[in-house]
Amino acid sequence: MKLLIIDRDLTERTGIQWFIKHYQLDITTVYEAGTAEDAINYLEMENPEIILLELEILMQDKKNGLKRALSIQPHHLITITAEPLFKNAQEALSLRALTLLVKPIDLNLLKQYLTLASRQVLNTFNDTLSYVQEKSMYPAFFIDDSPTPIEDNVFCFMIETEFSEQNELLFHWLQSLPFSQHFTFYPLSKRIICFSNDKNLEELIKKGKSIMREWTKSNNAYLNMAIYDLPNKSIKTMYNALKQALSLRFQNGFSQIFHVSQMPVYKKFDHFLTIEQQRLWIKSLEQNDVQTIKIFLYNISNLEIYYQPDAIRIHLTSILAQVRRFMLKYQMDKMIEVEKKYDLLFDMILNHPVLYTIIQEFVLFCQDVMNQAVHQKEHGQFDYVNGALDYIDLYYSDNTLNLKILADFLGISTSYLSMLFSTTKGVTFKQYLNEKRLTHAIQLLRETNLPISEIATTTGFNDANYFSKVFKSKFTTSPISYRQQMKSVVD
């Protein structure tokens, strides 16, 4: 029987070696590793049955390669630490260690647990998960012509934890289940892919529900499960289909069993806010209209329609940009707590696995920002530039809008407003206004068959000739030619 000692202290390793030889324990070979890299090499090459691990060495392994290697290879693990902290006890539990010994090591306890480990026999199921066998299976997840066939009577499915850092704990927990002999588990970085020899799909679903229920009960967290319920294909094909099915978690949440055969068709979703939507957000935030904001956001998470998660995330960042401008208008960028909440929400939009949670936090953040705006108004905190931009967004289609009307609304002089535009936006008021009008005009040229004259009027230009002149100056082509080019691209 082989033992691997993983400890940074050479003196500790030498002392344990001497102790094992002195007491003639049932261990034939002892390997030593002072670094995570050396330990991984021994695990791969020698497959030691017993491992003595100093927990502190895991903290130096930034890539977590050692933990992954430990999670794959079957072994009996004894952990050691110099600090008897609760977090170290938790780490030992997550690694399914036989015990956690505190330095200086009680040699009698060490002898007791080494003897226990050497006498235990690895069960048949764990034998199938040796590191060498795992290495031969993993390429099949990424290479179509992998020589690893899957029989028709074997189900392929994938399990995902609510918290990816629990994936290793989940792997070991699954192995301890009473019916684990029916499964073969392969741990990945964030999920676990499984093969089952259950007689039928109903039997597998029943076990899947039991797994999810027991995991939640024992770990206060949730699981999702995706089942490949079509005729078996290559492992890579099934693996990719299962990952895609698990992505439904974004709109459905956790404690779900997804079937590959029931994958919905994703609808096209415009990433960015339309002109009308921008105006809706400007008005709703300004008027403290919580109900309109709730309706808008909750419609995005409508379970009757599925959109690509990345498209929704981009859309939400577009909305957040609109909220950001509202914050700047009332100088909330100087408020540390509001800025922290903004950063947290932005990170949640990009990374949180469940849409509904993001939406809830978004609504709460908007309410907080609108309440802060009321306070800022009372104390005269107002940014003229962002106030001007909001006003232009709302009224640019009015062909009477000019610098004086906007300055009067803001309560400042036209010369001061003109200077603000030049210094902060790098363009004049008129240039910015025309840019806004042209943006809307392009949308109408692409999406409608409205006459050029009507598009000019709708977007705030005085007449079609002036509109065409401004358009050609910007895009070096006329509105009519632009529309024809867009139609030819679509056709």
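Just so it is clear, the model here is predicted, and its values are computed rather than measured. Numbering of residues begins from 1 in every chain and follows the order in which that chain's sequence is written. Local features in a predicted model are, by the rule used here, given only for residues with pLDDT of at least 70; side-chain atom pairs are given and counted only at 80 or more, and totals for whole chains, interfaces and linings are based on all residues. For the side-chain quantities, the full set of heavy atoms in the structure was used; hydrogens and water were omitted.

Points about the overall build of the protein chain
Secondary structure follows DSSP: runs of H or I at least 4 residues long count as helices, runs of E at least 2 residues long count as strands, and numbering of each begins at the N terminus. When its secondary structure is counted, the protein chain shows 24 helices and 10 strands. Over its C-alpha atoms the protein chain spans a radius of gyration of 32 Å, topping by over 25% the 23 Å that the globule rule assigns to 491 residues. By principal-axis analysis of the C-alpha atoms, the protein chain measures approximately 100 × 55 × 40 Å. When a residue's accessible area, from a 1.4 Å probe over protein chains only, is under 20% of the maximum for its type it is buried; when over 50% it is exposed; and in between it is partly exposed. Here the protein chain, with 491 residues, has 48% of them falling under the buried criterion. The globule rule used here is 2.2 Å times the number of residues to the 0.38 power, and the radius of gyration it is set against is calculated over C-alpha atoms.

Description of the environment of Asn 64
Looking at the element boundaries, Asn 64 is found in the loop between helix 3 (56–59) and helix 4 (65–72). Residues Asn 64 and Phe 163, spaced 99 residues apart in sequence, show a C-alpha to C-alpha distance of 16 Å.

So, the packing of helix 2 (residues 36–46) against helix 4
To get an axis, a line is fitted to the C-alpha atoms, and for a helix only the part in contact is used. The angle between two axes follows their N-to-C directions and goes from 0 to 180 degrees. Viewed as axis vectors pointing N to C, helix 2 and helix 4 meet at an angle of 25°, and their least axial separation amounts to 9 Å. The angle between helix 2 and helix 4 places the two elements in the roughly parallel class. Handedness of the crossing formed by helix 2 with helix 4: left-handed. Contacts between helix 2 and helix 4 pair Ala 36, Ala 39, Ile 40 and Leu 43 from the former with Gly 65, Leu 66, Ala 69 and Leu 70 from the latter. Residue classes follow a fixed rule: Ala, Val, Leu, Ile, Met, Phe, Trp, Tyr, Cys and Pro count as nonpolar, while Asp, Glu, Lys and Arg count as charged, and any other residue, Gly among them, counts as polar. For the contact of helix 2 with helix 4, the per-class residue count stands at 7 nonpolar, 1 polar and no charged. In what follows, roughly perpendicular refers to angles from 65 to 115 degrees, roughly parallel to angles under 35, roughly antiparallel to angles over 145, and oblique to any angle outside these ranges. For a crossing to be left-handed, the near helix must be turned anticlockwise from the far one by less than a right angle; the clockwise case is right-handed. Note on contacts: a residue pair qualifies if any of its non-hydrogen atoms lie within 4.5 Å across the two residues.

Looking at the pairing of strand 3 (residues 50–54)
Of all 5 residues in strand 3, 5 are buried, a share of seventy percent or more. Of the two faces of strand 3, the one lined by Ile 50, Leu 52 and Glu 54 and the one lined by Ile 51 and Leu 53 are each fully buried. DSSP calls a pair of strands paired once it identifies at least 2 bridges connecting them. Summarising the sheet, strand 1 (residues 2–6) and strand 3 pair through 4 bridges and their orientation is parallel. The residue of strand 3 that forms the bridge with Ile 5 is Leu 52.

Some details on the sheet that holds strand 2 (residues 29–33)
Pairing is parallel across the open sheet formed by 5 strands, whose spatial order is 2-1-3-4-5. Every interior strand has two partners, whereas the edge strands, strand 2 and strand 5 (99–102), have only one. Taken over all neighbouring pairs, the strand axes of this sheet differ in orientation by 20° on average, direction set aside. In this structure, strand 4 (residues 76–81) lies alongside strand 5, joined through 4 bridges in parallel fashion. For Thr 81, the partnering residue across the bridge sits in strand 5 and is Val 102.

So, the sheet that holds strand 8 (residues 191–196)
Within the open sheet, the 5 strands sit side by side as 7-8-6-9-10. Their pairing is mixed. Looking at strand neighbours, the two that pair on one side only are strand 7 (183–187) and strand 10 (256–259), the edges of this open sheet. Strand-to-strand twist of the sheet, defined as the mean angle between neighbouring strand axes without regard to direction, takes the value 20°. Here strand 6 (residues 155–161) pairs with strand 8 via 6 bridges, running antiparallel. Along strand 8, the bridge assignment pairs Phe 157 with Cys 194.

Side note on the packing of aromatic side chains
Within 6.5 Å between ring centres, the rings of Phe, Tyr and Trp (the latter by its six-membered ring) count as paired, and their orientation is classed by plane angle as stacked under 30 degrees, edge-to-face over 60, tilted in between. Using the criterion set out here, one finds 24 aromatic pairs in the structure. Both rings, one in Phe 467 and one in Phe 471, keep their centres 5.8 Å apart while their planes meet at 65°; by these two values the pair is edge-to-face. Taken together, the residues Phe 467 and Phe 471, both in helix 23 (residues 464–475) and 4 residues apart, mark about one turn of the helix. Summarising the burial analysis for this pair, Phe 467 and Phe 471 share the class buried. Put simply, the rings of Phe 461, Tyr 466, Phe 467, Phe 471, Phe 475 and Tyr 482 pair up and form one aromatic cluster.

Observations regarding helix 19 (residues 403–410)
Where helix 19 is concerned, the buried positions are Leu 406, Ala 407 and Leu 410. One side of helix 19 holds all its buried residues, which, seen down the axis, span an arc of 100°. For helix 19, the exposed residues lying more than 90 degrees away from the buried face are Lys 404 and Phe 409. Considering only its buried residues, helix 19 is in contact with helix 18 (384–395), helix 20 (414–424) and helix 21 (429–447). One side-chain oxygen of the residue at the start of helix 19 lies 3.1 Å from the amide nitrogen of Lys 404, identifying that residue as Asn 402. Gly 411 lies just past helix 19 and shows a positive phi near 80°. As used here, the arc belongs to the directions running from the helix axis to the C-beta atoms. Under the rule applied, a polar contact is a pair of N or O atoms within 3.5 Å (in protein, one hydrogen donor and one hydrogen acceptor; residues adjacent in sequence only if both atoms are side-chain atoms).

Let's talk about the UniProt feature "domain: HTH araC/xylS-type" (unreviewed entry) in the protein chain
UniProt positions are given in the numbering used here, feature names are shortened, and annotations may be inferred rather than shown by experiment. When the UniProt feature table is mapped to this numbering, "domain: HTH araC/xylS-type" (unreviewed entry) covers residues 386–485. What you have in residues 386–485 is 74% helix and 0% strand, and the ends, taken at the C-alpha atoms, are 35 Å apart.

So, the pairing of strand 4
Of all the 6 residues making up strand 4, 6 are buried; the element is thus mostly covered by neighbouring parts of the structure. With burial as the criterion, each face of strand 4 is covered, one bearing His 76, Ile 78 and Ile 80 and the other bearing Leu 77, Thr 79 and Thr 81. In this sheet, strand 4 lies alongside strand 3 in parallel orientation, the contact comprising 5 bridges. Across the sheet, Glu 54 pairs through a bridge with Ile 80, a residue of strand 4. Once you follow strand 4 into helix 5 (residues 86–94) and on to strand 5, the crossover reads as right-handed. Viewed with both strands pointing away, a crossover whose connecting path from the first strand over the helix to the second turns clockwise is right-handed.

Here's the deal with the pattern of salt bridges
Counted as salt bridges are all cases of a side-chain nitrogen of Lys or Arg within 4 Å of a carboxyl oxygen of Asp or Glu. What the rule picks out here adds up to 21 salt bridges. When the shortest N-O distance is used, the salt bridge between Arg 8 and Glu 54 registers 2.8 Å. With Arg 8 in the loop between strand 1 and helix 1 (10–22) and Glu 54 in strand 3, this pair connects stretches of sequence that are 46 residues apart. Assessed through its relative accessible area of 39%, Arg 8 is described here as partly exposed. Across the salt bridge formed by Asp 408 and Lys 404, the nearest N and O atoms sit 2.9 Å from each other.

Overview of the confidence of the model for the protein chain
Taken residue by residue, the protein chain gives an average pLDDT of 87. The fraction at 70 or more is 93%. When the elements of the protein chain are averaged for pLDDT, helix 7 (residues 124–127) gives the smallest value, 36, and strand 10 the largest, 97. A residue's pLDDT is the predictor's confidence in that residue, given on a scale from 0 to 100. Note on residues 121–135: pLDDT under 50 across the span, and 30 contacts to partners over four residues away in sequence or across chains.

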